[in-house]
Amino acid sequence: MTQSSNKPRILVTRAIFPSVIERLSAHFSVESNPEDTLWDRPQLMARLVDKVGAFTTGTERIDAELLVHCPQLRICANMTVGYNNFDLPAMTAAGVLGTNAPDVLTETTADFGFALLLATARRVTESEHFLRAGLWTRWSYDMFSGAEVHGSTLGIIGMGRIGQAIARRAALGFGMQVIYHNRSRLDSATEQALSARYVDKTTLLQSADHIMLVLPYSAEAHHTIGAAELACMKPTATLINLARGGIVDDAALAQALRNRTIAAAGLDVFEGEPRVHPGLLTVPNVVLTPHIASATAGTRQAMADVAVDNLVGFLVHGQPRTPLNPQVLALR
Ligand code: 8YV
C-alpha cells in the first residue's frame, strides 16, 4: 500500500498496528504491508530503493549488499530489542542509523521466562497432551512428577536487563539461589540487590538446576550451549532458551533430550526459525513456543511505538530515541 506525496518515503516491512501507520503517515509517505506478505530479499531491496527509512521487525537482514542498493536509506528502526538482523558496522560505514526497542519488553519477556520454566520443569504441556489424548484413567504417585522450581538454583547466562528481571523474580518470588554468567560482571551493589552470584560458565552448567539463556546473539555466542555444555549439566536440569536461535545447537539438544542427558527444555527460539529441528518435535520432554516471549498486546504496541519514535525522532527532529550506532549522527 503506497501513498504518493512529496513527504519523505518510508517502508513498513510487515503488518503492524493501524496506529503505527497513522502516526508515521503524519510525517512520511508510507509504503506498508497490510497483507503481511513475506517479501523475499530482492522484493525487500526493490521496495527499499527509494526509501529514507524502514520500520523493521528483526527478521529483515540489513547488510552491505542491501545497503548498496538503497543509497537514500538513512535509518532502519527495529521494533525488537535484539538486532542481530543488522550488520551494524556495514550500516555505520554506509551512514545508516540502526535503532532497536529496549526496556519496554523487559518485564513481559521475564514473565515468559518463568512461564516456560514452570511449564518445562512441571511438565505442563506434556501432561496436557496426555490428558487430551484420553490417557488419564487413574491417579498414580509418580504421574508427571517434575522438578522443583522454588528453592532451586537458577543459572542465568546473559545478565542484561531481561536477565536481571528474571533474577528478581527468581529470588523474590521463588526463593531461588541465582547464579549468573555474563561477558562482564555486574557491580557488587547490583549483584547484592539481585541476590545474584557471578560464576564461570562451567560452574554454572554444573551447579544449576535450571538454566535460562537470555544473552544477545553474536558470532561469539553461537552455540553457547552444544553437546559439551549439555554433558556438563545435571541430568535433572532444565534448559530454557529465550534468547535467539543459534545460541543453542538444536541438533545436540534434541539428542540430549532423547538420551536424557538433561531432563527437559523450554524453547521460544530456534535455529533457522520458523523451521524447528525435527528431532525437537518428536521428543516429549520439551516445551516449544513460537517466539512469543514479548507477545502481549501492550508490550508489542510499546515496542512498535519505540520504532516509530525513532523514525520520527531521527528523520524529523534529528534525535532518535534509542540509537545503536550514534556515531552516524555526528556524520550529519
Ligand atoms: C520479537 C525479540 O518479538 O525483541 C526481540 O529481540 O526477540 C522479540 O521480542 C521478535 O524478535 C520478533 O521479530
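Rules behind the numbers
Residues numbered from 1 in each chain as written. Predicted model: local features only at pLDDT ≥ 70, side-chain atom pairs only at ≥ 80, totals over all residues. Heavy atoms only, no water. Pairing = 2+ DSSP bridges. Helix = DSSP H or I, 4+ residues; strand = E, 2+ residues; numbered from the N terminus. Axes fitted to C-alpha atoms, helices over the stretch in contact; angles between N-to-C directions. Contact = heavy atoms within 4.5 Å. Buried < 20%, exposed > 50% of the residue type's maximum accessible area, 1.4 Å probe, protein only. Salt bridge = Lys/Arg side-chain N within 4 Å of Asp/Glu carboxyl O. Domains from an automatic or database assignment. Buried area = accessible area lost by both parts, 1.4 Å probe. Core = buried A, V, L, I, M, F, W, Y, C linked by side-chain atoms within 4.5 Å.

Caption draft 1: Examining the sheet that holds strand 5 (residues 97-99) more closely. On the basis of which strands lie adjacent, the open sheet formed by five strands has the order 2-1-3-4-5 and parallel pairing. The sheet is open, and its two edges are formed by strand 2 (29-31) and strand 5, each paired on a single side. Recorded for the sheet is a direction-independent mean angle of 15° between the axes of neighbouring strands. Examined bridge by bridge, strand 1 (residues 9-12) and strand 3 (residues 53-56) share three bridges and lie parallel to one another. Looking at the pairing, L11 lines up with A54 of strand 3. Docked against the sheet, helix 1 (residues 18-25) engages strand 1, strand 2 and strand 3, running at close to 170° with respect to strand 1.

Caption draft 2: Examining the environment of A193 more closely. Among the structural elements, A193 can be located in helix 8 (residues 188-194). Judged by its relative accessible area of 65%, A193 is exposed. Separated by 179 residues in the primary sequence, A193 and R14 place their C-alpha atoms 40 Å from one another.

Caption draft 3: Quick look at the pattern of salt bridges. Scanning all chains against the criterion turns up 20 salt bridges. Between K51 and E31 there is a salt bridge, with its nearest N and O atoms 2.8 Å apart. One end of the pair, K51, is in the loop between helix 2 (41-48) and strand 3; the other, E31, is in strand 2, with 20 residues separating them in the sequence. The class for E31 is buried, based on a relative accessible area of 12%. With a closest N to O distance of 3.6 Å, E229 and K201 form a salt bridge. Here E229 is found in helix 10 (residues 227-232), whereas its partner K201 is found in helix 9 (residues 201-207), with 28 residues between them in sequence. Residue E229 is classed as buried on the basis of its relative accessible area, which comes to 18%.

Caption draft 4: Up close: the domain arrangement of the protein. Each assigned domain of the protein is listed with its residue range as follows: domain 1 (9-102 + 297-331) and domain 2 (106-288). Placing a centre on the C-alpha atoms of domain 1 and another on those of domain 2 gives a separation of 32 Å. Contact with domain 1, which involves five residues of that partner, is made by four residues of domain 2. Overall, the association of domain 1 and domain 2 removes approximately 430 Å² of surface from exposure, summing both partners, and the carbon and sulfur fraction of that is 48%.

Caption draft 5: Seen up close, the nonpolar core. Residues I211, L213, L230, L239 and L253 are the most contacted members of the largest nonpolar core, which totals 30 residues. When residues of this core are traced back to their parent elements, those giving at least two are helix 9, strand 9 (210-213), helix 11 (250-259) and strand 11 (264-267). At five residues, helix 11 tops the list of elements feeding residues into this core. Setting aside residues up to four positions removed in sequence, L213 forms contacts with I157, I225, L239, I240, N241, L242, A243, I247 and V248. Counting residues in each nonpolar core, the second largest holds 29 residues, with I156, A170, V178 and M212 among its members.

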